[in-house]
Amino acid sequence: MDNNVPSVDQSDREVPINLRQSGPTPVEMLIDTRVRKSPYWELSMQQGCWRASIYNRMYHPRGYIPRDEGGMMAEYQPLVNDVTLWNVAVERQIQVKGPDAEAFVNFVITRDATKIPVMRARYVILCNEAGGILNDPILLRVGIDEFWFSLSDTDLMLWLQGVNVGGRFDVTIAEIDVAPVQVQGPKSVDVIADVVGEEGRTLPSYGLIEAQVGGHDVIISQTGFTGEKGYEIYLKDATKYAEDMWNVVLEAGEPYNIKVVAPSHHRRIAAGILSWGQDMDFETLPFQVNLSYQVPRKKKADYIGKARLEEVRGLIEAGTPPYRTQLVGLLVGGKPITDYAPDFWLVSAAADGEAVGYVTSPWYSPELEANIAMAYVPVSGTELGTEYWVHLPEPFADDPGVPVRAEVVEMPFRPSVNPNQRERLKMRGLDSAV
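Values in this document were obtained by computation on a predicted structure and should not be read as measured data.

## A word on the packing of aromatic side chains
In step 1: Following the criterion strictly, the structure yields 10 aromatic pairs and no others.
In step 2: Each ring, one from Tyr 40 and one from Trp 246, has its centre 5.7 Å from the other, and the planes form 25 degrees; the classification is stacked. A residue pair is termed long-range when its members are at least 10 positions apart, and Tyr 40 in the segment before helix H1 (41-46) and Trp 246 in helix H6 (residues 238-253) qualify at 206 residues. Neither residue differs from the other here; Tyr 40 and Trp 246 are each classed as buried.
In step 3: Seen in terms of ring centroids, Phe 104 and Phe 169 are 5.4 Å apart; in terms of plane orientation they differ by 75 degrees. Their pairing is edge-to-face. Within this pair, whereas Phe 104 is found in helix H3 (residues 101-108), its partner Phe 169 is found in the loop between helix H4 (156-163) and strand E10 (172-175), the two being separated by 65 residues in sequence. Taken as a pair, Phe 104 and Phe 169 share a single burial class, namely buried.
In step 4: Joined through ring pairs, the aromatic side chains of Phe 104, Phe 107 and Phe 169 make up one cluster.
In step 5: The ring of Phe 107 carries Arg 168 above its face, with NZ or CZ at 4.7 Å from the centroid.

Here it is as structure tokens:
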């Protein structure tokens, strides 16, 4: 018997998503030397971190305020009202450096690397030859001949080094001892300005500056995993100087009520920001997850996956997309979803029907006073206003075992301080970026 919900059509995948509903499980995470601790790990423990996940083979703090004191919903408040500090050293930094750095990067990303100025960053994707998304990092151009990939959750360094086996490109590719933190929230600009001066206040979205924090060299970007005002501080020689930088930022943030919190998935969902591993993986095509703008129409240079991605675009425009499901935004009924989902909750087209899709990222939005979610549904059922039914577990279901109504809505669910590239292109009537 096939227990992996055969009614959800995953015939386009080599490895189907596991849709078994196991619920929360009483498993304690083993902390040992097999998984790397970041330079900020002990500092996170001092701030009350009580749970973690694994991301890029590193421990990733995912909760500070205990559940009985409000948990993740309590951590949300300083993010949207004041300022927060996040340990995101799991965004491992892969340096590509050398005379052919631009050409190499241009070959592995879908966007046009030649159009990225020095001291600017971009959100990019890298695909395999089948068009599947390998990673969606922030790419920093810190010099004419030097780029940093600030990774999402895959071993991209091994892929990059593999692409250049034989030395086709004159570059070095290696992880460097740089570890970022994020400073996020409406008062983040005040903290950054107090730490590095007024230049920090005028830094544009995706801009970079070189500075010192606590006497140590950093690069600061105006980027982040939220739709709020926010920055990332990339500390060089982080293994040596983590405490110095961390403590300076915390001290500078005291007048602004800074709090150390975990990454805010409720806010990133509201902003339409994707999470690799939850919302997409190696078999996901950019067109399935609102990333069609990452596939440029005018990039002349070849890049990995270009032929397949252009073929897929043609199939979509002909009305025959080669995939069965597509990611949409849902407004979801039920009781407030106030913590991470342990499973991909199932989605049906009718209250008494079989599952046809699944939720990837759900959470409660205080601003909208509703549950919001990203979910895969059949390609034929992605129009705004389409009704679905989501099988929420206890304690989020209104009635145990009874699915709640959901409706397809626009993503992002609410505006961001800095609209992302897809939103800006949509305002201009365009569908792809350089």
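## A short note on the pairing of strand E14 (residues 230-236)
In step 1: Most of E14 is tucked away: six of the seven residues are buried.
In step 2: Bridge count between strand E11 (residues 178-184) and E14: seven bridges; the pairing is antiparallel. For Gln 184, the partnering residue across the bridge sits in E14 and is Gly 230.
In step 3: One ladder, built from four bridges, connects strand E13 (residues 216-221) with E14; its direction is antiparallel. The partner of Ser 221 across the bridge, within E14, is Glu 232.

## Focus: the UniProt feature "domain: Aminomethyltransferase C-terminal" (unreviewed entry) in the protein chain
In step 1: Residues annotated by UniProt as "domain: Aminomethyltransferase C-terminal" (unreviewed entry) correspond here to residues 326-413.
In step 2: Overall, residues 326-413 shows 0% helix and 45% strand. The separation of its end C-alpha atoms is 17 Å.

## Considering the sheet that holds strand E3 (residues 84-87)
In step 1: Pairing is mixed in the open sheet, where six strands are placed in the order E12-E13-E14-E11-E3-E15. One side of each edge strand has no neighbouring strand; the edge strands of this open sheet are strand E12 (208-213) and strand E15 (259-260).
In step 2: Taken together, the six bridges between E12 and E13 define a ladder with antiparallel strand orientation. Within E13, the residue paired with Glu 210 across the bridge is Ile 219.
In step 3: Packing against the sheet, helix H5 (residues 188-196) makes contact with E11, E12, E13 and E14, and its axis sits at approximately 60 degrees to E12.

## Things to note about helix H8 (residues 306-317)
In step 1: The terminal C-alpha atoms of H8, which comprises 12 residues, lie 17 Å apart, in line with the 16 Å expected from a rise of 1.5 Å per residue.
In step 2: Turning to H8, its buried residues are Lys 306, Leu 309, Val 312 and Arg 313. Angular distribution of buried residues about the axis of H8 spans 130 degrees; they occupy a single face of the element.
In step 3: Gly 319 occupies a position one or two residues after H8 and carries a positive phi of about 85 degrees.

## Overview of a negative patch on the surface
In step 1: On the surface, Asp 177, Glu 210, Asp 217 and Asp 237 cluster together into a patch of negative charge.
In step 2: Tracing the backbone shows Asp 177 in the loop between E10 and E11.
In step 3: Taking relative accessible area as the criterion, Asp 177 reaches 33% and is therefore assigned partly exposed.

## A short note on unusual backbone geometry
In step 1: Following Glu 394, the chain continues into Pro 395 via a peptide bond in cis, with omega recorded as 10 degrees.
In step 2: In this fold, Pro 395 is placed in the loop between strand E20 (387-390) and strand E21 (404-409).
In step 3: Look at the link from Met 411 to Pro 412: it is a cis peptide, with omega at 0 degrees.
In step 4: Among the secondary structure elements, Pro 412 is positioned in the loop between E21 and helix H9 (421-427).
In step 5: One non-glycine residue with positive phi stands out, namely Val 5, at about 50 degrees.
In step 6: In this structure, Val 5 sits in the segment before H1.
In step 7: Of note, Glu 369 is a non-glycine position whose phi angle comes to about 55 degrees, a positive value.
In step 8: With respect to the helices, strands and loops of the structure, Glu 369 is situated in the loop between strand E18 (355-365) and strand E19 (370-378).

## Overview of the nonpolar core
In step 1: Among the nonpolar cores identified, the biggest contains 86 residues, and Tyr 40, Leu 85, Leu 140, Ile 233, Val 249, Met 280 and Leu 291 are the most heavily contacted of them.
In step 2: Per element, the largest residue contribution to this core is seven residues, and it comes from H6.
In step 3: If we ignore the near neighbours within four places in the chain, the residues touching Leu 85 are Val 181, Gln 182, Val 183, Trp 246, Val 249, Leu 250, Ile 258, Lys 259, Val 260 and Val 261.
In step 4: In terms of nonpolar packing, the next biggest core, distinct from the first, is built from 23 residues, Val 105, Leu 134, Phe 147 and Ile 173 among them.

Definitions and limits used
Residues numbered from 1 in each chain as written. Predicted model: local features only at pLDDT ≥ 70, side-chain atom pairs only at ≥ 80, totals over all residues. Heavy atoms only, no water. Phe/Tyr/Trp six-rings, centres within 6.5 Å; stacked < 30°, edge-to-face > 60°. Helix = DSSP H or I, 4+ residues; strand = E, 2+ residues; numbered from the N terminus. Buried < 20%, exposed > 50% of the residue type's maximum accessible area, 1.4 Å probe, protein only. Lys NZ or Arg CZ within 6 Å of the ring centre and 35° of its normal. Pairing = 2+ DSSP bridges. UniProt positions renumbered as here; feature names shortened; annotations may be inferred. Contact = heavy atoms within 4.5 Å. Axes fitted to C-alpha atoms, helices over the stretch in contact; angles between N-to-C directions. Expected span 1.5 Å × (residues − 1). Arc of directions from axis to C-beta. Patch = residues over 30% accessible without salt bridge, like charges linked within 9 Å, V, L, I, M, F, W, Y side chains within 5 Å. Areas by Shrake-Rupley, 256 points an atom, 1.4 Å probe, with all protein chains shown as cover. Salt bridge = Lys/Arg side-chain N within 4 Å of Asp/Glu carboxyl O. Lys, Arg positive; Asp, Glu negative; His and termini not counted. Charge placed at Lys NZ, Arg CZ, Asp CG, Glu CD. Core = buried A, V, L, I, M, F, W, Y, C linked by side-chain atoms within 4.5 Å.

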